[in-house]
Amino acid sequence: MTVKTDHAAKGTRVGFYPGTFDPFTLGHLDIARRACGLVDRLVIGVALNPGKAPRLSVQERCALIAGTVADEGLTQISVVPFETLMVEAAREHAAQFIIRGLRSESDLTSEMPMAAINRRLAPELETFFLTSREEHRLIASSLVRELLAYGGDIRPYVPENIARYLLSRTTERPT
């Protein structure tokens, strides 16, 4: 779901929160909610990254995230797909800030070089790192996908609408 708005209004702080979000977890939702306290508008950018072999299509991920933010009443968030360099997508949506979530020291280790490259490519964009709350620190989309594949309970880790959707279409088991 693409929502186009004029973010270039004087004084509007726009953040761009990129990710694959396959699926969007409660940890992602918490980062998005907290980022809304830092910016006037938050654009969640859902990456089309075929190299990661996502379980859900980019359209499904966008629709599910849009449903989640609507359920949460987060009207300052829009959800858009992108398949360009992240900084190009952020610029397209007039963002001044890139929002990234960190669960662990290893996340920081991988995020720092990306932030440095982004700074070189787009010096006008500032990267904000938000650390996960303790209760979300162990949630990873890859673990949710694995739980789902083996019939585990994913409901403690993803928003309710996403759990319903994923559980309704899960019939295969790994071999």
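Residues numbered from 1 in each chain as written. Predicted model: local features only at pLDDT ≥ 70, side-chain atom pairs only at ≥ 80, totals over all residues. Heavy atoms only, no water.

Stated precisely, the cut-off is as follows: UniProt positions are given in the numbering used here, feature names are shortened, and annotations may be inferred rather than shown by experiment.
As annotated in an unreviewed UniProt entry, the protein chain carries the name Phosphopantetheine adenylyltransferase and comes from Asaia lannensis NBRC 102526. UniProt annotates the protein chain under Catalytic activity (unreviewed entry) with the comment "(R)-4'-phosphopantetheine + ATP + H(+) = 3'-dephospho-CoA + diphosphate". Under Subunit (unreviewed entry), UniProt gives the following word-for-word description of the protein chain: "Homohexamer."

**Digging into helix H2 (residues 58-71)**
Operational definition: Secondary structure elements are defined from DSSP: runs of H or I of at least 4 residues count as helices, runs of E of at least 2 residues count as strands, and each element is numbered from the N terminus. What a helix is expected to span follows from its residue count: subtract one and scale by 1.5 Å. Note on classification: 1.4 Å probe, protein chains only; a residue is buried when its accessible area is under 20% of the maximum for its type, exposed when over 50%, partly exposed between these limits. Working rule for contacts: check all heavy atoms of both residues, and any pair within 4.5 Å makes them a contact.
Compared with an ideal rise of 1.5 Å per residue, which puts 14 residues at 20 Å, H2 spans 20 Å between its outermost C-alpha atoms and is within 8% of the ideal. Those residues of H2 lying buried are Val58, Glu60, Arg61, Cys62, Leu64, Ile65, Ala66, Thr68 and Val69. Next to the buried residues of H2 lie helix H1 (26-35), strand E2 (41-47), strand E3 (77-82) and helix H6 (160-168). After H2 finishes, the residue glycine 73 shows a positive phi value of roughly 70°.

**Some details on the layout of surface pockets**
Note the following rule: A cavity, in this analysis, means grid points on a 1 Å lattice covering only the protein atoms where a 1.4 Å probe fits yet has no way out; a pocket is instead an open set bounded by protein on both sides within 12 Å along at least five of seven lines, and a residue lines either one if it has an atom within 4 Å of a point. Grid points are joined across faces, edges and corners, and a volume is the space filled by probe spheres set on the points. Side-chain classes are defined by residue name, with Ala, Val, Leu, Ile, Met, Phe, Trp, Tyr, Cys and Pro counting as nonpolar, Asp, Glu, Lys and Arg as charged, and the others, Gly among them, as polar.
Within this model, the largest pocket holds a volume of roughly 1000 Å³. Lining the largest pocket are 43 residues, and of these Pro18, Gly19, Thr20, Lys52 and Arg100 sit closest to its centre. Looking at the lining of the largest pocket, the elements with two or more residues in it are strand E1 (14-19), H1, helix H3 (86-92), strand E4 (97-102), helix H4 (105-121) and helix H5 (141-149). Top element by residues in the lining of the largest pocket is H4. It accounts for eight residues. Residues of the lining of the largest pocket, tallied by class, amount to 20 nonpolar, 15 polar and eight charged.

**A short note on the packing of aromatic side chains**
By convention here, two paired aromatic rings are described through the distance between centres and the angle between planes. Quick reminder of the rule: Between rings of Phe, Tyr and Trp, where Trp is taken as its six-membered ring, a pair exists when centres lie within 6.5 Å; planes separated by under 30 degrees are stacked, by over 60 edge-to-face, and by other angles tilted.
Per the stated rule, a full pass over the model turns up four aromatic pairs. Geometrically, the ring pair formed by tyrosine 17 and phenylalanine 21 is edge-to-face, given 5.2 Å between the ring centres and 75° between the ring planes. Overall, tyrosine 17 belongs to the buried group, its relative accessible area being 4%. Consider the rings of phenylalanine 21 and phenylalanine 24, whose centres lie 5.4 Å apart with planes at 65°: the pair is edge-to-face. The two residues phenylalanine 21 and phenylalanine 24 agree in class, both being buried. Chaining the aromatic ring pairs together yields one cluster made of Tyr17, Phe21 and Phe24.

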